[in-house]
Each structure stands twice: as structure tokens, then as C-alpha cells.
Amino acid sequence: MHKFLTLSFLIAGTLAGSPAWPQMMGGGGMGGPPPGGGRPGGGQRPDGAPPMRPGPPQIATAQKLNGLLSLTGESLSVNGKALAAIKPDQSVVLLTQASELHLSGSNLTSDLPVTSLPEAQSAGLGAAVLVLSQSRADISGGSVTTRQAGVPAVYVADPGSSVQLTATRLATHNSYASGVVVAGGELTTQDAELTTASDNAPALDLRFGAVHLAGGRLTAAGPLSPAIAVAGEVEATGVVLVSQREAAIEVKGAHRLRLTDAQLTGGADGVRVVAGQTMPALAPRGLPQEGMSGGPPPGGYGPARQDTGGKRSPMGPRRDGPPPQAELAFSGGAISARLAVFSVTGAQVEIVLNNVALDSGSGQLAKVTALSLSDQGLTLGHLRITASGQSLNGDIVTDAVSSAVLDLKDCSRFSGRTTANVDVSLDAGSTWTLTGDGRVGKLTLAGDPAASLIGNGHSLAYDPARNPDFGGQTYELKGGGQLLPAKAY
């Protein structure tokens, strides 16, 4: 059983131990003096090129990880302290081997850079709080702040690791410095505030794992910085998500999100879903592998090449059954966007809406497009929106090869236009008000078109082949306008 200690002095120690420098091989070979001289690399290469010189020694990432406060299989409580990293690549807190830290009312700061941005991104090098290998950090109150490129406030990795933030303020001030990176494990927040100020810096970067948010605010100010970048599972209640330059939420791949009474504001789209492939958490070289993920996570698999007997496919992913799809559910709250409320690129997406306030500055409710993947051709986009007790304003548009479905239920109201690849169904209490001339694919109505469709002087053209029940006839609509067969599909 771990002992719990109370720290009553400022911690100033660092992780002990010297790095192990691997044996390097010079151009003349191993095991003895190289041909042509007594120094490594002094021999002539067989191709006549100049002799090779030994490169700089390489240090495994795991051996670079160190912390001002470093716990290995220990438990500790720290109250009301101010702690700051004192050298490059140093975390303020490093937890490994099932350690547990309770941090209350403390202010953690990292103003120092990392020597390798790729290692900071893939392994958490230099993160102010770095939680690995089934460890747990419980942080309440106080703050965590970083100011250098690539240095996140919190980085948690490996299945079994977890971080809980309660009324804590996290802030980063430089490029590629996310507020929290979850690369495996779990994050839980209660009234936490996460803020990033620069580019490529989501307030929350979920790469693999699960996140539970309750209250609080996540704000990303820079370009290419959504409030949340998602490649995992998210549940959130009463949270405020703001991206000043990007989508409030960006989902990459087939993942599940459930948001209740959340307030989303996107400086571009509100919610953006793109095709992608989720990678498992990366194990820094040299760290123990116990508990590490050995394969791809559930869901999140990106498009695959279509089997065409060795020939290039012009479009579409391989489909050995239903393609994986992102599943997003919103209940209450609001989503506002400068561009489209929902944007889908090359992904299969299902969105469920229940009494959510939606607002688009561009007039687009949803935009669905395919994604070009070089030698894989096109991956088609598909979006299904199921709306219950919902008001929806704005157009739903697709490109020539993608598609969308809108299901209106429980007295939902849709005002807008659709393109030819959009199917729409309305139950008996739902209505569609046209805001311009448009087209529709499959149109399913519970009764007479005049009872469900309000034309306002506009025409809606339907596909005769997909709507045989309309008999190729033209119908007059309430408020003027017509439902009529399209001349050519």
C-alpha cells in the first residue's frame, strides 16, 4: 500500500540518473580499428564516397523524461506550492509506474523549451504535468502554465492513466502547445478552464482515450486550433467551447461524442468531421511496455483502398460491411458558427439533435464533401441528421458524389434549401419552409405535401425515379410555390 506524504517544502530535485549513451558505429565497422586509420570512420567506403563520420549520440526519449517532482510507484499530496521547471525538457511533474499525486491550490509553471518538438508531440517531453504508465493525477484549484512551443500544460498517456482537473486554470502561450493532450487513458474535468493562445494548439487534443467534461470553459485563440480536437470518446455537460479561428470541435475519424447543454462557438465551422485514422498512444522508447496499447483503438479507422483487382478505384472506400461512422449527439445548448454549423469531409457521420439552438453566419446548416486521398481516389462524405423537437435554419449542400439525410421528427421545423443528393423525411407534425428554389433526392412525407411544405413562392424539384408515389405530378404548396418533378437527374 502506498503511503501518502504531505510536502511542506519547495521541491527542487530532478530525476536522478545519467542517460545511457548507445554505442555508435563508425564508417569503418565494429569490433576493431577501421581500415585505413585508427579513428572510427577513417576507411574508404566501397562506393568511393568520403569516409563516414560518426553522428551525434542518440538518447532514447524515455531517458530524456525527467521531472522537478518525479514519482515512480509512489503516492504524494502537495498543497499550496509554486513549482517551476528549471531546465529544458523538464516536466514540473512526472508520474510513472502507477504513481498517484494529489495536487491542491498549487501553481505550476514551465517557461523553458524542449530540445525536440517531435518528441514533445509524440511522448510528452517537457509537458508541465506528464502522467504515464497507469498513474493518476488529481489536481484541484491552482494553475498550470507553459510558454514555449510544443509544451502542453498536461499530457496523459497509456491505458489506465488518468487526470482529474477540478476548478483548475490551464494556459499555454505558444505554437503546438495544447492545453491537455490525451494520448491514451482518461481525462475528467469539473469547472476547469483551458486556454491556448497560439497556432496548432487545441485547448484539448484527444488522440486516443476518453474525456468527461462538466462545466468550465475551453478556449483556443490561434489558427488551426479547435477548442477540442477529437479522436476518441467525449462526454460533456454544461461546457463552453470557443475557437476564435477554427471549428469549435474537430473530429477525425469514427468516434462518439455526447454533449448536453453545451455552448459551442466556432470561428469557422461549428462542428467539423473529417476522415482520418486514429493511432494508439505512442510508447516512448525505453519506457516499460506494461499496459501499453498494442493495436489500433476501437473505432476511428480511416478510409481504405477499394478492392478493384489491383486497379485504382476512382472513388470510395472499401466496404466489407457498413463503414465506421462518427456518432454525435447534442441535447440542449447551442452551436454557432461563422461558416457551416456542421461540416463533413470524406467521413460517415450521424448527428442527433434535440432542442439545440443553431446559428450559421454563412447560411449553411450543413456541408458534405468528398475527400481526395491521392492514390486512393475519393472517400465520399455522408451525413445523417436526426432532429427531434428541433428548429433548423440554413441550407444543406453536398458535392456531386456525397450525400445527406435529414429526418425531422416530433414537430421539428426546417427552413432552408437542399441539393439533389439530400434526402428529407418529415413526420406528421414537422414542417419544411423553403427559402429558395432547390432540389431534393428522396422526399418522405406523412401526409399531403401542402401540409408539410411551405413554399413561400419557391419551387422544390424531386427525383421522379426515387419518388414514385408522387406520380410525376406537380403540387401547389402553402404560401405559393410548387413541388414538381425534376426535368433531369
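### A look at the overall build of the protein chain
Working step 1: In terms of regular secondary structure, the protein chain is built from 3 helices and 45 strands.
Working step 2: Within the span of the protein chain, comprising 489 residues, buried residues form 49% of the whole.
Working step 3: Across the protein chain, every contact between residues at least 6 apart in sequence was considered, and the portion connecting residues at least 24 apart equals 57%.
Working step 4: Of the roughly 20,900 Å² of accessible surface on the protein chain, a fraction of 52% belongs to carbon and sulfur atoms.

### What about the sheet that holds strand β26 (residues 334-337)?
Consider a sheet: its strands pair through backbone hydrogen bonds, and that pairing is either parallel or antiparallel.
Working step 1: The 10 strands are arranged β4-β7-β10-β13-β15-β17-β20-β23-β26-β29 in an open sheet whose pairing can be described as parallel. The open sheet has two edge strands, β4 (82-84) and β29 (357-360), and neither has a second partner. Here the average twist between neighbouring strands, direction ignored, is 5°.
Working step 2: Note that strand β20 (residues 240-243) and strand β23 (residues 263-266) share 4 bridges and pair parallel. The partner of L241 across the bridge, within β23, is L264.

### With respect to the confidence of the model for the protein chain
Working step 1: Taken over all residues, the pLDDT of the protein chain has a mean of 83, while the share at 70 or more is 78%.
Working step 2: In this model residues 278-320 is a low-confidence stretch, pLDDT under 50, and it forms 93 contacts with partners more than four residues away in sequence or in other chains.

### Regarding the sheet that holds strand β39 (residues 431-433)
Working step 1: If you walk across this open sheet you meet the 4 strands as β34-β37-β39-β42, and the pairing is parallel. Of all the strands in the sheet, the pair left with one neighbour each is β34 (391-393) and β42 (453-454).
Working step 2: Pairing analysis gives 3 bridges linking strand β37 (residues 413-415) to β39, with the strands arranged parallel. When the bridges of β39 are listed, R413 appears paired with T431.

### Notes on the nonpolar core
Working step 1: Ranked by internal contacts, the top residues of the largest apolar core, which has 91 residues, are L264, F330, F342, L392, W432 and L443.
Working step 2: If near-sequence neighbours (up to four positions away) are discounted, L264 is found in contact with L241, A248, I249, L259, V271, F330, A334, I335 and S336.
Working step 3: Among the nonpolar cores identified, the runner-up in size contains 13 residues, and L130, L132, Y155 and V181 belong to it.

### Concerning the side chain of T168
Working step 1: Inspection of the secondary structure assignment puts T168 in the loop between β12 (162-166) and β13 (169-172).
Working step 2: Judged by relative accessible area, which is 0%, T168 ranks as buried.
Working step 3: There is a polar contact of 3.3 Å between the side chain of T168 and the backbone oxygen of I139.

### Structural notes on the pattern of salt bridges
Working step 1: The full count for this structure, using the stated rule, is 11 salt bridges.
Working step 2: For E250, the salt bridge is made with R272, and the minimal N-O distance between the two is 2.9 Å. Within this pair, whereas E250 is found in strand β21 (residues 249-252), its partner R272 is found in strand β24 (residues 271-274), the two being separated by 22 residues in sequence.
Working step 3: Given a relative accessible area of 15%, R272 falls into the buried group.
Working step 4: Ionic pairing is found between D423 and R466, a salt bridge with its closest N-O pair at 2.8 Å. Of this pair, D423 sits in strand β38 (residues 422-426) while R466 sits in the loop between β43 (458-462) and β44 (475-476); the two residues are 43 residues apart in sequence, bridging distant segments of the chain.
Working step 5: Salt bridges sharing partners connect three or more residues here, namely E246, E250, D269 and R272.

### Structural notes on the environment of L445
Working step 1: Examined against the element boundaries, L445 turns out to sit in the loop between β41 (443-444) and α3 (449-452).
Working step 2: Counting along the chain gives 19 residues from L445 to L426, while the straight-line C-alpha distance between them is 5.3 Å.
Working step 3: Those residues within four positions of L445 in sequence are excluded, and the remaining contacts are L426, S452, L453 and F470.

### Notes on unusual backbone geometry
Working step 1: A positive phi angle, close to 45°, is found at S133, a residue other than glycine.
Working step 2: Mapped onto the elements of the fold, S133 is located in the loop between β8 (129-131) and β9 (136-140).
Working step 3: The exposure class assigned to S133 is buried, which follows from its relative accessible area of 9%.
Working step 4: Unlike most non-glycine residues, C411 shows phi in positive territory, near 60°.
Working step 5: The topology assignment puts C411 in the loop between β36 (403-409) and β37.

What counts and what doesn't
Residues numbered from 1 in each chain as written. Predicted model: local features only at pLDDT ≥ 70, side-chain atom pairs only at ≥ 80, totals over all residues. Heavy atoms only, no water. Helix = DSSP H or I, 4+ residues; strand = E, 2+ residues; numbered from the N terminus. Buried < 20%, exposed > 50% of the residue type's maximum accessible area, 1.4 Å probe, protein only. Contact = heavy atoms within 4.5 Å. Areas by Shrake-Rupley, 256 points an atom, 1.4 Å probe, with all protein chains shown as cover. Pairing = 2+ DSSP bridges. Axes fitted to C-alpha atoms, helices over the stretch in contact; angles between N-to-C directions. pLDDT = per-residue confidence, 0-100. Core = buried A, V, L, I, M, F, W, Y, C linked by side-chain atoms within 4.5 Å. Polar contact = N/O pair within 3.5 Å; in protein donor to acceptor, adjacent residues only side chain to side chain. Salt bridge = Lys/Arg side-chain N within 4 Å of Asp/Glu carboxyl O.

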